[in-house]
Amino acid sequence: MSTAVNGAGKTNGVHNASSNGHPHPEDLKIAIIGQSNFAAEVLEVLLEREHMVVGVFTIADKGTREDILATTARQHRIPVFKFPAWRRKGVPIPEVLEQYRSVGANLNVLPFCSQFIPMEVIDGASFGSICYHPSLLPLHRGASAISWTLINGDERAGFSIFWADDGLDTGPVLLQKQCPVYGDDTLDSLYKRFLYPEGVMSMADAVDMIAAGTAPKIPQTEIGASYDPALFREENQYVDLNQSAVAVFNFIRGLDSVPGALAIVETESGTEVPVRLFGASLSARRTFANAKQIQFKGATEPAYVCKEGIFITGTDGRLVKVKRLKRGNKVIQASQWFEQANAKPAALLELTEKELESDAILRGIWKAILKVEIEPETDFFACGAGSMDVVRLVEEVKDTLEVPINNETLFMAPTYGEFMQEVVLRLRSGTDSVGVGANIGYDFRHVVVKANRREIVVPTQMFVGGRFVDAEGGKTLPIVNPTTEQVICDVACASKGDVDEAVKSADEAFRTVWTNVSARERGQMMFRLAELMEQHKEELATIESIDSGAVYTLALKTHVGMSIDAWRYYAGWTDKIEGTTIPVSPARPNHVLTFTKREPIGVCALITPWNYPLMMLSWKMAACIAAGNTVVIKPAQVCPLTALKFAELTVRAGFPPGVINVVTGTGSLAGQALADHPLVRKLGFTGSTPIGKRIMASCGESNIKKCSMELGGKSPLVIFADCDLEKAVRLGMSSVFFNKGENCIAAGRLFVEDRVHDEFVRKVVKGIRTMKIGDPLDRATAHGPQNHLAHLQKLQEYCTVGVKEGATLVCGGKRVPHLKGLFFEPTVFTDVEDHMYIAQEESFGPIMVISKFHSSDFDALVARANNTEYGLASGVFTKDIQKALLFAEKVEAGTVFINTYNKTDVAAPFGGFKQSGFGKDLGKEALNEYLKTKCVTVEY
């Protein structure tokens, strides 16, 4: 007789040890024979149930590492015996038998045993020997039962505890338990979900039954019995790819994650490369974009590598997707096969003094776990480390060095040298200690922007699936500096196919890696991103100035500063998104519990404008990510550079690939493709009302996707004579000229009471004359260039129409003469009548439109303020609080400012009414735009 993993032996039945024929628990003297965490937990449970364990017999130490069963037994002061073997040349070793007999055991418990146990030991226990076997005997006898349960496509899995006899897993059954096999089960998941936890408790239950004299002995039938090959032999680990997709899938998952199904890749050079396959799933895909064929040895059907993984075609034409490969001792993403195959070895990092201290700490942790001297080539798994060692290493490194790693980090870098370099890179993440490419591990196309006494590396490719990539066909768009009217660089111009790849990447991340990140971990990533933005704020503000024309000081405080605030604010919300319980009327006598869950929507598309490139991205995306969604953003065609720099920072912050994607290009192509895409479930848009209408139609026609719109505005600002006039002039100018008038809530029309009208205009004109117009990087500049040429020309046309219709042009109205760049003079119109074009339409530029009013008819004034299809913002200056609050009550606008203007905060909701759109950015309310409510009712 022999047993390996499953246990075996000959049963002598249950011997009577008391007058009533049942042994008392105190009569049992148990020997545990085996190894592993499973056996250690069985020992713990038996001791908890007050059974007497007189000895533990386990494997010999591997170097200086002893098995966890031995460690656990010593903690409980139970004699431990470690044998390299029980037999020599098929004959029991006398001294081993003597040591076994010395403990006087009368029941052998074999939870998990890889050694051959002599019959003299099996027969040596008067109450018999019981073994655990992870199958429903007589199915799958042998050493690889769990694997064969999956490989054969069994619908049920389970385990048996049986009385050992002299056959291979043939003894009478004491008890069995079973569970369904799910479509996404692997060897690991089946073991962890059911076979391990239930098996531990059932081994203890079996001992209880023996103690109670109620343990049955049910003979195994030979009908349907199966003996399967041992999969610890390498020759049995090769997957046959010339069979149905289901069969290929079942074989791969049956060996996932140990040892992994083997296959041979034949490279173009003729080299044969053995790989192990992990993370298999059946795929419904039929077509591929940008896929490259890979050849597996002996396979008659094609296989393809694309960004989602490797797709293997079964003989039935269906596909199996493989997500990870193990080549040598390193696990890689299957989608990276060709990149990894051609990759040059990474250069060794030069460690700082502080990093050398971290290296010493890390080396000590490895040594404490592996009990060997640690060299750069020391392989964690080759040294015998198991799953609990992985957990211990990851947790100790996270706690000691405060670095964000997980189990996958070790699987991808199993040698000490690789792992140490990965940890150092993550410790450096977010600092300026290394160059961009070295820090994030990506070799991307970029431009070096030399400005503001800085040299800033800015990516120029799209960001999809965690990588910077070219657009289809290498198509690009020029990006122009509005200050110099010179091209800064060319950036990728996305096609419809590029958008499709980005959306699919976001969808894949949402359904896989992002769901495994807890809400609190999500918040921590967002906080890290905010810190990185803080560290790089001068770079971001410089890019914003060059790319969009924003005055640097304003960009630093508002464009970038408020972006950072948004990420910090929503990082705090991630673990506070809650549902509710609802009292309902049940049908008696039953009870009903009804509750709601707030869940992420899925893939969200964001289309942002050119006036606040980074801030609009952050306002929307921070809430979107906090709610648990993945995102594809299309920044404005004319100024995408801060979005691309931001994408780089998300990698440093640790966001998984696919969670955040940036596609650059035109609105008519890339933006429209997002609105039409069936996998996008939510679209957030900021831009003009006409484009918003078109996007809403596309959202409805495509898949009725949820959308939120922040559109045009013609915000009224009312200035009463009783106000603080100096403050009203200062903030009135800011309400129009802030950010060169490229401000969605800009006061599009000022209503100034006739008694102070002339003085107000005089003071405004005087203020304009003191404004410095010029280089936005000059700290003294107050007014920079308009964003792009087409917009400047539109402003010129707007002023021409105003003059033609009879409004008085007080100042400005034209391009700044003798100054290179897209500079437009701050402009003031008075005598503007309600019917005029400039009274109705938004300029989105530095143009103040002033109308008089008489205070005798308050309702008429409010009617004039509301006489527009827009309703984004509004403002009033007065010392009369009753008048101010009455105005706030009656005005049709999403935001009302009283004795202030442009006073937004990330905690306050922002959004308009009427044709200014619907939905909110900022504040708690913005989370609702990116969440769906699910109602769950349970009857009990």
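One structure accompanies this document, and this report is about it.

Rules behind the numbers
- Residues numbered from 1 in each chain as written.
- Predicted model: local features only at pLDDT ≥ 70, side-chain atom pairs only at ≥ 80, totals over all residues.
- Heavy atoms only, no water.
- 1 Å grid on protein atoms, 1.4 Å probe; cavity = no way out; pocket = protein on both sides within 12 Å on 5 of 7 lines; lining within 4 Å.
- Points joined across faces, edges and corners; volume = space filled by probe spheres on them.
- Nonpolar A, V, L, I, M, F, W, Y, C, P; charged D, E, K, R; others polar.
- Helix = DSSP H or I, 4+ residues; strand = E, 2+ residues; numbered from the N terminus.
- Domains from an automatic or database assignment.
- Salt bridge = Lys/Arg side-chain N within 4 Å of Asp/Glu carboxyl O.
- Buried < 20%, exposed > 50% of the residue type's maximum accessible area, 1.4 Å probe, protein only.
- Pairing = 2+ DSSP bridges.
- Axes fitted to C-alpha atoms, helices over the stretch in contact; angles between N-to-C directions.
- Contact = heavy atoms within 4.5 Å.

### So, empty space enclosed by the protein
- As enumerated under the stated definition, the model contains 6 cavities of 30 Å³ or more in all.
- Roughly 100 Å³ of volume is contained in the largest cavity.
- Lining the largest cavity are 15 residues, and of these Ala-746, Ala-747, Gly-748, Ser-843 and Phe-844 sit closest to its centre.
- Tallied by class, residues from the lining of the largest cavity come to 7 nonpolar, 6 polar and 2 charged.

### Focus: the layout of surface pockets
- What the second largest pocket holds in volume is close to 960 Å³.
- Trp-610, Phe-685, Gly-687, Ser-688 and Ile-691 are the residues nearest the centre of the second largest pocket, which is lined by 35 residues in total.
- Elements with a minimum of two residues in the lining of the second largest pocket: helix 20 (667-676), strand 28 (680-686), helix 21 (689-703) and helix 24 (789-804).
- Of the residues forming the lining of the second largest pocket, the biggest block, 5 residues, is contributed by helix 21.
- Viewed by domain, the lining of the second largest pocket spans two of them, domain 4 (447-710) and domain 5 (716-911), each represented by three or more residues.

### Some remarks on the pattern of salt bridges
- Under the defined criterion, the tally for this structure stands at 41 salt bridges.
- For Lys-682, the salt bridge identified is with Glu-929, shortest N-O distance 4.0 Å. In this pair, Lys-682 sits in strand 28 while Glu-929 sits in the loop between helix 28 (925-928) and strand 40 (931-939), placing the two residues 247 residues apart along the sequence. Assigned by exposure class, Lys-682 and Glu-929 land together as buried.

### Structural notes on the sheet that holds strand 1 (residues 30-33)
- The sheet built from 7 strands is open, its strands ordered 3-2-1-6-7-8-9 with mixed pairing. Two strands bound the open sheet, and with one partner strand each, they are strand 3 (80-83) and strand 9 (173-180). Here the average twist between neighbouring strands, direction ignored, is 15°.
- Looking at chain direction, strand 2 (residues 53-59) and strand 3 are connected through 4 bridges and run parallel. Paired with Val-56 across the bridge in strand 3 is Val-80.

### Quick look at the environment of Met-621
- Structurally, Met-621 can be placed in helix 18 (residues 613-626).
- For Met-621, a relative accessible area of 0% translates into the label buried.
- Separated by 195 residues in the primary sequence, Met-621 and Val-816 have C-alpha atoms spaced 36 Å apart.
- Residues contacting Met-621, with those up to four places away along its chain left out, are Trp-567, Leu-606, Val-631, Ile-633, Phe-646 and Ile-660.

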